[in-house]
Amino acid sequence: MKRNESNMKRLLSLKHGPAEFGYPFNVLFDEVVAYKDGMDIQKFDAMVLWGGEDICPKLYEQKPNAFNEAGDLPSGRDLLEWKLVKQAVGYGIPMIGVCRGAQLLCAFDGGTLAQDVGGHMSGHDIEFRDGNRMFAAASHHQMMLLRANAQVLAWACHNNKPDFYLGENDTINTFHPTFKQPEVVYFPDIKALGIQPHPEWMPRSEKFVEVCNNLVSELS
């Protein structure tokens, strides 16, 4: 993350809020700054996009189905975050996306989303590639569907994993039995880490928070 001439590491957060709005990644940075219009993002060592409402399916070349809470056209937030992600890629700035943020990074990377899927609206266990299994707080009804170059680092391993999802035009799409429903993903082409669960909802003592911070340090 040593992008600046000084030794200070700065995180740009696309969220306005209280002083702790950078948690849990704030422990890795000397300063966490909320984005303001017109800010020069070249001065930052990393950027984080947080959770929230559904992103517009137009960003991944689909129309919203009956269960999608986004409109037919991208929202102001969609357009702003898309523009800033494009700038960050151009400047080589590493990114972290949480929940909605991970889904927007997936779309920017060329992937799509399962527009409505069950089984993920409450916390559940996930498993990392090294076999380490742990609890993660989660609350989403959409799921990243990745292009081949993205690297799945962790996937859902709870007992209620759905067999299908609803896509564009309310079509029913069945998951292949071997499909690993992605929870933590690295997008190497855009230097981005997508975290579908919510580490910011969890105490610092939780294993998942520690793992997320370690991944940010390793991959950015």
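Structural notes, computed from the coordinates. (Residues numbered from 1 in each chain as written. Predicted model: local features only at pLDDT ≥ 70, side-chain atom pairs only at ≥ 80, totals over all residues. Heavy atoms only, no water.)

A look at the packing of aromatic side chains
Inference 1: In the structure shown here, the tally under the stated rule is four aromatic pairs.
Inference 2: Judged by centre distance (5.9 Å) and plane angle (35 degrees), the rings of F25 and W50 are tilted. Here W50 lies in the loop between β3 (46-49) and α1 (76-91) and F25 lies in the loop between β1 (10-13) and β2 (31-34), a separation of 25 residues in the sequence. Across the pair, W50 and F25 agree in class, each one buried.
Inference 3: Summarising the aromatic geometry, the rings of F175 and F179 are spaced 5.0 Å apart at their centres and angled 0 degrees between planes, so their arrangement reads as stacked. (Phe/Tyr/Trp six-rings, centres within 6.5 Å; stacked < 30°, edge-to-face > 60°. Helix = DSSP H or I, 4+ residues; strand = E, 2+ residues; numbered from the N terminus. Buried < 20%, exposed > 50% of the residue type's maximum accessible area, 1.4 Å probe, protein only.)

Some points on unusual backbone geometry
Inference 1: With omega at 5 degrees, the peptide bond leading from Y23 into P24 counts as cis.
Inference 2: Despite not being glycine, E61 shows a phi value in the positive range, around 60 degrees.
Inference 3: Summarising the element assignment, E61 is placed in the loop between β3 and α1.
Inference 4: Note on E61: relative accessible area 75%, which makes it exposed.
Inference 5: If you check the backbone angles, K191 has positive phi at about 55 degrees while not being a glycine.
Inference 6: By secondary structure assignment, the location of K191 is in the loop between β12 (182-187) and β13 (192-195).
Inference 7: Taking relative accessible area as the criterion, K191 reaches 35% and is therefore assigned partly exposed.

Some details on the pairing of strand β6 (residues 124-128)
Inference 1: Bridge count for β6 against strand β7 (residues 133-136) is four bridges, and the pairing is antiparallel. Bridging across to β7, D125 finds its partner in F135.
Inference 2: A loop of four residues connects β6 with β7, the two strands running antiparallel in sequence, and G131 in this loop sits at a positive phi of about 90 degrees.
Inference 3: Pairing of β6 with strand β9 (residues 151-156), which is carried by three bridges, proceeds in the antiparallel orientation. Paired with F128 across the two strands is A154, which belongs to β9. (Pairing = 2+ DSSP bridges.)

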